[in-house]
Amino acid sequence: MLFHRMESRDIRINLATEDYLMNTVEIDEPILLMYIQHPCLIVGKHQNIYEEIAVDQAMKDGVIITRRLSGGGTVFDDLGNISFSFIIRKGQVKFGDYPTITQPIVDALKAMGVDNISVNGRNDIFIDGKKISGNAMYTKNQSMFSHGTLLFDVDLNRMEKYLIVSKEKIKTTHIQSVESRVTNIKPYLNKSYQKLTIEGFRDELIRRIFKVDSIEEISSQEIILSQFDQEQIQQSVSEVYSNDDWVYGHHQIFDIKRNAYIKNVGLIEVAFTVEKGKIGEISFSGDYFSQKNQQEVCEKLKGKRLIFNELMSDLTDSEIDLCFSGLDKESLILLLLGELVND
């Protein structure tokens, strides 16, 4: 087995590195990747970003938002999380066989003192019934990777701040919050390992997986990226992982409906489509008063992303008041975002 410890703390570079190695390295043997990143939100390939995360709050707090190649749900990472990835030849493990692919991680954690650890559900690792890892797979040509998170010492309060738990999940699993169903690994480790830095925890996992006394023993198996490799990876970051069309776009058109009763304005209902992450056809209805047809506002909103600051810059209070008597620009945008509380 080969391994690579990513130096970057930017999730976009790390995901691009994973993709690059899968596509360029001859997979004669598995490759283990370990990476750590600054606060970020990683949306699954097929997800509607606006229904999964509080986009404006994350942007306001400087949290990086990106989309990965694999499916599954949205995850929040910070510097208390380690991500891991196994790149293997396609067919060596059945697609979706997470218990097999994550077994080396489970065994390493057991060796570090973690009891009552198991792989449950579709793709998660649990300790005492609480999730400490979510995993996803992706396959292309003759290669496949399976990557996942490991919550070592993550700020769980921030996680709950940004992730939107779907009402359907709450209904079917009786989950009341993100924090109630996840936990960190650190308290479950033997005390000697609880003092490790995040980098120390990463290296200890690698040592346990390779069954060696020190990383130096396997230095010949560590992949070191060349300048050319790094340039190719950076190109992928620009074209994919930091590209708004990829991050906010969506392969399907979806419909959104919002409504609110606003004091001194009345009931306003809005229905619109979103295509490739941007507003498409949009219409308003309700019992509000107006001096002007809303078509001009609708035209200005078309093609815009559902991002607070972007919408604020394209509208004026005066035109909003003419179309919706008594309504201000900020309230209209909060209605579009689904964040307006009925008066």
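Residues numbered from 1 in each chain as written. Predicted model: local features only at pLDDT ≥ 70, side-chain atom pairs only at ≥ 80, totals over all residues. Heavy atoms only, no water.

Going by the annotation in an unreviewed UniProt entry, the name recorded for the chain is lipoate--protein ligase, with Vagococcus fluvialis bH819 given as the source organism. In its Catalytic activity (unreviewed entry) section, the UniProt entry covering the chain states "L-lysyl-[lipoyl-carrier protein] + (R)-lipoate + ATP = N(6)-[(R)-lipoyl]-L-lysyl-[lipoyl-carrier protein] + AMP + diphosphate + H(+)". (UniProt positions renumbered as here; feature names shortened; annotations may be inferred.)

Caption draft 1: Highlighting the sheet that holds strand S12 (residues 266–275). Reading across the sheet, the three strands line up as S11-S12-S13 and stay open at both edges, with antiparallel pairing between neighbours. Of all strands in the sheet, those bounded by a partner on one side alone are strand S11 (254–262) and strand S13 (278–286). Here the average twist between neighbouring strands, direction ignored, is 20°. When S11 meets S12, the two strands line up antiparallel, connected through nine bridges. Bridging from a neighbouring strand, Phe254 pairs with Val274 of S12. In the packing of helix H15 (residues 329–337) onto the sheet, the strands contacted are S11, S12 and S13, and the crossing angle to S11 comes to about 135°. (Pairing = 2+ DSSP bridges. Helix = DSSP H or I, 4+ residues; strand = E, 2+ residues; numbered from the N terminus. Axes fitted to C-alpha atoms, helices over the stretch in contact; angles between N-to-C directions. Contact = heavy atoms within 4.5 Å.)

Caption draft 2: Spotlight on the packing of helix H1 (residues 11–24) against helix H10 (residues 227–241). Look at H1 against H10: their axes get within 8 Å of each other, and the N-to-C directions meet at 115°. In terms of axis orientation, H1 runs roughly perpendicular to H10. The handedness of the crossing between H1 and H10 is right-handed. Across the interface between the two elements, Arg12, Ile13, Leu15, Ala16, Thr17, Asp19 and Tyr20 from H1 touch Phe228, Asp229, Gln232, Ile233, Gln234, Ser236, Val237 and Tyr241 from H10. Counted by class, the contact of H1 with H10 contains eight nonpolar, four polar and three charged residues. (Parallel < 35°, antiparallel > 145°, perpendicular 65-115°, else oblique. Left-handed = near helix turned anticlockwise from the far one by under 90°. Nonpolar A, V, L, I, M, F, W, Y, C, P; charged D, E, K, R; others polar.)

Caption draft 3: Looking closely at the state of the cysteines. For the structure shown, the criterion picks out zero disulfides. The structure places no disulfide on Cys298, whose sulfur is separated from the nearest cysteine sulfur, that of Cys323, by 8.2 Å. Judged by relative accessible area, which is 4%, Cys298 ranks as buried. Here Cys323 falls in the buried class, since its relative accessible area comes to 1%. (Disulfide = S-S within 2.5 Å. Buried < 20%, exposed > 50% of the residue type's maximum accessible area, 1.4 Å probe, protein only.)

Caption draft 4: The arrangement of the sheet that holds strand S5 (residues 75–77) in detail. Strand order across the open sheet formed by three strands is S4-S3-S5, with mixed pairing between neighbours. Edge strands, defined here as strands with exactly one partner in the open sheet, are strand S4 (64–67) and S5. Between one strand axis and the next, the sheet turns through 20° on average, direction left out of account. Bridging between strand S3 (residues 40–43) and S5 involves three bridges; their strand directions are antiparallel.

Caption draft 5: Focus on the pattern of salt bridges. If you walk through the whole model with that rule in mind, you get 17 salt bridges. Measuring nitrogen to oxygen at the nearest pair gives 3.7 Å for the salt bridge that ties Asp28 to Arg89. Of this pair, Asp28 sits in the loop between H1 and strand S2 (31–35) while Arg89 is found in strand S6 (residues 81–89), placing the two residues 61 residues apart along the sequence. Taking the shortest distance from any N to any O, the salt bridge between Asp153 and Lys186 comes out at 3.6 Å. Residue Asp153 is found in the loop between strand S10 (143–151) and helix H6 (156–162), and its partner Lys186 is found in the loop between helix H7 (167–173) and helix H8 (191–194); the two are separated by 33 residues along the sequence. We classify Asp153 as partly exposed; its relative accessible area is 40%. Residue Lys186 is classed as partly exposed on the basis of its relative accessible area of 24%. One salt-bridge network, in which partners are shared between bridges, spans Arg5, Arg202, Asp203 and Glu222. (Salt bridge = Lys/Arg side-chain N within 4 Å of Asp/Glu carboxyl O.)

Caption draft 6: Broad picture of the packing of aromatic side chains. For the structure shown, the criterion picks out eight aromatic pairs. Between Phe284 and Phe324, the ring centres sit 4.9 Å apart and the planes meet at 65°, which makes this aromatic pair edge-to-face. One end of the pair, Phe284, is in strand S13; the other, Phe324, is in the loop between helix H14 (317–323) and H15, and 40 residues separate them in sequence. Phe324 matches Phe284 in its accessibility class, with the two residues each being buried. Aromatic rings pair up to connect Phe284, Tyr288 and Phe324 into one cluster. (Phe/Tyr/Trp six-rings, centres within 6.5 Å; stacked < 30°, edge-to-face > 60°.)

Caption draft 7: Examining the side chain of Arg207 more closely. By secondary structure assignment, the location of Arg207 is in helix H9 (residues 198–210). Not counting residues up to four positions away in its chain, the partners in contact with Arg207 are Val212, Asp213, Ser214 and Ile215.

Caption draft 8: Summary view of the pairing of S2. Within S2, five of the five residues are buried, leaving the element largely enclosed by the surrounding structure. Burial along S2 is two-sided: Ile31, Leu33 and Tyr35 and Leu32 and Met34, pointing in opposite directions, are all buried. Sheet topology note: the strand S1 (residues 2–5)/S2 ladder contains four bridges and is parallel. In the sheet register, His4 faces S2, and the bridge partner there is Leu33. Handedness of the S1-H1-S2 crossover: right-handed. Bridge count between S2 and S6: five bridges; the pairing is antiparallel. In the strand pairing of S6, Tyr35 is matched with Ser83. (Right-handed = clockwise from strand over helix to strand, strands pointing away.)

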